[in-house]
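# Analysis of the macromolecular model
So you can see what is in the structure, the chains are spelled out below.
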Amino acid sequence: MRAIMLKILALMLVAIMLLVAVGCDGKADGENAGNNADSTTADNADNNQGDGQAKTEAKLDYSNVVLSDYIKSINYKGLTVLLENESSSKQDAVWEAVLASVDMEFYPVEPVQYYFNQTKRLYMEAVGNNEDDYYSLLISRGISENDMLADAQAFVKEDLVFLYITQTEQISVSEQEKQELFDKYVDKYVSDYGYKRIYVIANMSELIYESMLYDKTTEYLILNNTFEVKSEGNN
């Protein structure tokens with residue numbers, strides 16, 4: 001899910017920014033002082049990164065969102081999902097089909113603003129937080145802030161549909177499943193995103209549990225829909 005990916009990228013940016021800040025502070029304190037306080041600095045960096053995650057995640061809150069206010073209709077069972085070929089991902093195809101079935105008239109403002117701000121923040125960081133360079137980057141990529149807003153709405157749509165299905169079908173991840181699968185997901189985050197294992201364990205548990213729930217929901221969708229490979233007749 002793209003929304004989860006953006007959260008991971010945003011958290012990665014927070015970690016990088018905080019590590020840079022810690023590094024600069026260490027240089028200012030002098031080499032000897034830095035050597036004497038290596039373990040303390042590392043502990044502080046981990047704590048600060050955790051705070052950064054908390055601040056980032058706190059901005060995205062659906063607890064007061066009434067899903068039926070936004071999702072007017074949805075089909076996620078009994079669909080015939082078309083695959084491009086035999087090797088196509090059922091996961092991607094079924095989510096695409098479900099999202100295409102959704103009728104939404106409008107979107108909750110704050111989550112949309114959250115995703116827009118996160119996207120802008122990533123672009124701004126890429127150009128050293130220079131406003132002029134930021135707009136030049138958008139032009140060079142052929143996108144506008146209206147496009148970013150549309151993407152933000154798409155992220156929110158993904159989130160709301162995900163919540164709708166899990167709540168309606170009462171899909172959840174048990175404490176036992178969390179314990180049994182945690183190390184597997186930690187390894188995946190380390191492998192896919194380049195984080196240190198200790199950082200993933202300390203700061204990314206909520207994202208990992210969300211990934212577990214997403215994967216379990218995907219399994220449910222795959223089991224409750226049928227799949228056909230596209231042919232000339234059903235293109």
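See the structure above.
Residues numbered from 1 in each chain as written. Predicted model: local features only at pLDDT ≥ 70, side-chain atom pairs only at ≥ 80, totals over all residues. Heavy atoms only, no water.

## What about the pairing of strand β2 (residues 80–83)?
The following threshold applies: Exposure classes here rest on a 1.4 Å probe applied to the protein chains alone. A residue is buried below 20% of its type maximum, exposed above 50%, and partly exposed in between. Elements are defined by DSSP. Helices are runs of H or I of four residues or more, strands are runs of E of two residues or more, and each kind is numbered from the N terminus. Strands are labelled as partners when DSSP assigns at least two bridges between them.
In β2, alternate side chains face the same way, and those of Val81 and Leu83 are buried while those of Thr80 and Leu82 on the opposite face are not. When β2 meets strand β4 (residues 226–229), the two strands line up parallel, connected through four bridges. Looking at the pairing, leucine 83 lines up with valine 229 of β4.

## So, unusual backbone geometry
With phi around 60°, asparagine 129 is a residue other than glycine that occupies positive phi space. Counting through the fold element by element, asparagine 129 comes out in the loop between α5 (109–126) and α6 (131–140). Judged by relative accessible area, asparagine 129 falls into the partly exposed class, the value being 48%. The backbone of glutamine 170 sits at a positive phi, close to 55°, despite the residue not being glycine. Within the secondary structure, glutamine 170 sits in the loop between α7 (145–168) and α8 (175–193).

## A look at the nonpolar core
Rule in force here: In this text, buried Ala, Val, Leu, Ile, Met, Phe, Trp, Tyr and Cys residues form a nonpolar core when linked through side-chain atoms within 4.5 Å. Contact definition: two residues touch when any of their heavy atoms are within 4.5 Å.
Within the largest apolar cluster, 54 residues are counted, with the highest numbers of intra-cluster contacts made by Leu160, Val161 and Ile165. Looking at this core, the elements with two or more residues in it are β2, α4 (90–101), α5, α6, α7, α8, α9 (197–203) and α10 (205–223). When residues of this core are assigned to their parent elements, the largest contribution, eight residues, is made by α7. Among residues more than four places away in sequence, those in contact with leucine 160 are Tyr62, Val65, Leu67, Tyr70, Ile71, Met104 and Pro108.

## Looking at the packing of α5 against α7
To keep things clear, this is the line we draw: Structural elements are reduced to axes, namely lines fitted to C-alpha atoms, with helices fitted over the stretch in contact, and the angle between N-to-C directions of any two is expressed from 0 to 180 degrees. The labels follow the angle: roughly parallel below 35 degrees, roughly antiparallel above 145, roughly perpendicular from 65 to 115, and oblique for the rest. Note: crossing handedness is left-handed where the near helix turns anticlockwise from the far helix by less than a right angle, and right-handed where it turns clockwise. Side-chain classes are defined by residue name, with Ala, Val, Leu, Ile, Met, Phe, Trp, Tyr, Cys and Pro counting as nonpolar, Asp, Glu, Lys and Arg as charged, and the others, Gly among them, as polar.
Packing of α5 against α7 leaves a shortest axis separation of 8 Å and a crossing angle of 125°. With respect to α7, the element α5 is oriented oblique. Crossing of α5 over α7 shows right-handed handedness. On the side of α5, the interface is formed by Pro111, Val112, Tyr115, Phe116, Thr119, Lys120 and Tyr123, while α7 contributes Glu145, Met148, Leu149, Ala152, Gln153, Phe155, Val156 and Asp159. Within the contact of α5 with α7, the residues separate by chemical class into ten nonpolar, two polar and three charged.

## Observations concerning the packing of aromatic side chains
Each aromatic ring pair is described using two quantities: the centre-to-centre distance and the angle formed by the ring planes. We count it as follows: A pair of Phe, Tyr and Trp rings is counted when the ring centres sit within 6.5 Å of each other, with Trp represented by its six-membered ring. The angle between the planes then sorts it: under 30 degrees is stacked, over 60 is edge-to-face, the rest tilted.
Following the criterion strictly, the structure yields eleven aromatic pairs and no others. Relative to phenylalanine 106, the ring of tyrosine 70 lies with its centre 5.1 Å away and its plane at 65°, an arrangement referred to as edge-to-face. Of this pair, tyrosine 70 sits in the loop between α3 (38–58) and β1 (71–73) while phenylalanine 106 is found in the loop between β3 (103–104) and α5, placing the two residues 36 residues apart along the sequence. Both rings, one in phenylalanine 182 and one in tyrosine 209, keep their centres 6.0 Å apart while their planes meet at 50°; by these two values the pair is tilted. Pair noted here: phenylalanine 182 is in helix α8 and tyrosine 209 is in helix α10, with a separation of 27 residues, a long-range link.

## Remarks on α4
Filter applied, for reference: What a helix should span is 1.5 Å times the count of its residues minus one. The definition of a polar contact used here is a pair of N or O atoms within 3.5 Å, where within protein one atom must be able to donate a hydrogen and the other to accept one, and adjacent residues in sequence count solely through side-chain atom pairs.
When the terminal C-alpha atoms of α4 are compared, their 17 Å separation across twelve residues agrees well with the 16 Å that a helix rising 1.5 Å per residue should span. Of all the residues in α4, the buried ones are Ala93, Val94, Trp95, Val98 and Leu99. Looking at the buried positions of α4, the neighbouring elements they touch are β2, α7, α10 and β4. Two or three places before glutamine 91, at the start of α4, stands the capping residue serine 89, its side-chain oxygen 3.3 Å from that residue's backbone nitrogen.

## Remarks on the side chain of threonine 218
Along the chain, threonine 218 turns up in helix α10. By relative accessible area, threonine 218 is classed as buried at 3%. Engagement of the side chain of threonine 218 in a polar contact is seen with the side chain of tryptophan 95, the distance being 2.8 Å.

## With respect to the pattern of salt bridges
The condition is simple: The salt bridge definition used is simple: a Lys or Arg side-chain nitrogen within 4 Å of an Asp or Glu carboxyl oxygen.
Evaluated as defined, the whole model comprises nine salt bridges. A salt bridge links glutamate 131 to lysine 120; the nearest nitrogen and oxygen atoms lie 3.9 Å apart. Taken together, the positions of glutamate 131 in helix α6 and lysine 120 in helix α5 put the pair eleven residues apart, joining distant regions of the chain. A relative accessible area of 23% means that lysine 120 is categorised as partly exposed. With its nearest N and O atoms 2.8 Å apart, the salt bridge here joins lysine 188 to aspartate 192.

## Examining the environment of isoleucine 165
With respect to the secondary-structure elements, isoleucine 165 resides in helix α7. Note: C-alpha distance between isoleucine 165 and threonine 217 (52 residues apart in sequence) is 7.7 Å. The contact partners of isoleucine 165, leaving out residues within four places of it in the chain, are Ile74, Tyr76, Trp95, Val98, Gln170, Ile171, Thr217 and Leu221.

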